[in-house]
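Observations on chain architecture
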Amino acid sequence: MITTLKGDITGLDFTIIVNAANKHLLPGSGVCGAIFSKAGKGLEEECQQLHGCPTGDAKMTKAYGLRCDRIIHAVGPIYLDGNHQERELLESCYWNSLCLAYSYVREQNLEKCTLAFPCISTGIYGFPREEACQIAVKTVKTLMRQYPDAKVIDVIFVCYLQEDYALYKEELKKYEIYG
Ligand code: AR6
């Protein structure tokens, strides 16, 4: 199932929440700042051991003070002008995060998993919201189609802003109708 909700991702008790991280895996502002400050010092310490993460990729940590079980730190692209592989890099963030989540499901023998994404790159990194939403939904749908086993993962796009929530509702509706 792929759904959307409006709210603060840091308060959710889903299996995994995704962080819109920076490539140093350091606390920043936005959703990343909120995740690090709620999770506590343990998260910073674990992230220091990971030696960063390339743009378009993702790494998983424990969740410490958060209510979820794990955090996936996905590093979205900084949007320059659309000619610097921003789309491909954003797509690869969603794809790689899903792959990590699926490995976790297998490793832990989970029958179900809830995976919450924020709108990666659309804040400080400046990715146009509408296009980012289309890429996010399309990437998740494509992966689920190619790997039906991954359907044990319920994906929830968690929107902080009403504007994003409206975009995701519309985009998901399109897929329900047209597949
Ligand atoms: N829950 C869900 N979504 C949120 C929350 C929240 N608590 N807070 C903000 N958002 P941004 P980026 C939304 O700027 O563009 C950091 O400094 C927000 O409305 O957090 O990927 C990192 O360390 C927006 O739609 O991330 C990086 O350096 C979305 O989260 C850099 O910012 C992403 O906005 C990453 O920039």
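Each remark here, short or long, concerns the structure printed above.
Residues numbered from 1 in each chain as written. Predicted model: local features only at pLDDT ≥ 70, side-chain atom pairs only at ≥ 80, totals over all residues. Heavy atoms only, no water.

Right, let's talk about the sheet that holds strand 1 (residues 2–6) for a bit. Spatial strand order, 1-6-5-2-4-3: six strands in an open sheet with mixed pairing. Two strands close off the open sheet at either side, each with one partner strand: strand 1 and strand 3 (58–62). In this sheet, neighbouring strand axes are inclined to one another by 25° on average, regardless of whether the strands run parallel or antiparallel. Alignment of strand 1 against strand 6 (residues 153–159), held across five bridges, turns out to be parallel. What sits directly across from Thr-4, in strand 6, is Phe-157. Packed on one face of the sheet, helix 2 (residues 41–48) meets strand 3 and strand 4 (70–75) and runs near 135° to strand 3. (Pairing = 2+ DSSP bridges. Helix = DSSP H or I, 4+ residues; strand = E, 2+ residues; numbered from the N terminus. Axes fitted to C-alpha atoms, helices over the stretch in contact; angles between N-to-C directions. Contact = heavy atoms within 4.5 Å.)

Residues in contact with the ligand amount to 21 residues; listed here are only the nearest, Asp-8, Asn-22, Ser-29, Ser-121 and Gly-123. Contacts to the ligand include Gly-123, whose backbone N or O atom sits 2.8 Å from an oxygen atom. Note that an oxygen atom of the ligand is positioned 2.9 Å from one of the backbone N or O atoms of Ile-124. Burial of the ligand by the protein chains amounts to 91% of its free accessible area of 710 Å². A per-class count over the shell around the ligand returns 10 nonpolar, eight polar and three charged. (Near = heavy atom within 4 Å. Polar contact = N/O pair within 3.5 Å; in protein donor to acceptor, adjacent residues only side chain to side chain. Areas by Shrake-Rupley, 256 points an atom, 1.4 Å probe, with all protein chains shown as cover. Nonpolar A, V, L, I, M, F, W, Y, C, P; charged D, E, K, R; others polar.)

Looking now at the packing of aromatic side chains. Under the counting rule described, the total for this entry stands at six aromatic pairs. Ring geometry for Tyr-94 and Phe-117: centres 4.8 Å apart, planes at 50°, overall tilted. A residue pair is termed long-range when its members are at least 10 positions apart, and Tyr-94 in helix 3 (residues 86–108) and Phe-117 in strand 5 (residues 113–117) qualify at 23 residues. There is no split in this pair, since Tyr-94 and Phe-117 are both buried. Relative to Phe-157, the ring of Phe-117 has its centre 6.0 Å away and its plane inclined at 25°; by these criteria the two rings are stacked. With a gap of 40 residues between them, Phe-117 in strand 5 and Phe-157 in strand 6 connect regions that are remote in the sequence. By relative accessible area, Phe-117 is classed as buried at 0%. For Phe-157, a relative accessible area of 1% translates into the label buried. Ring-pair connections join several aromatic residues into one group, and the members of that group are Tyr-94, Phe-117, Phe-157 and Tyr-168. (Phe/Tyr/Trp six-rings, centres within 6.5 Å; stacked < 30°, edge-to-face > 60°. Buried < 20%, exposed > 50% of the residue type's maximum accessible area, 1.4 Å probe, protein only.)

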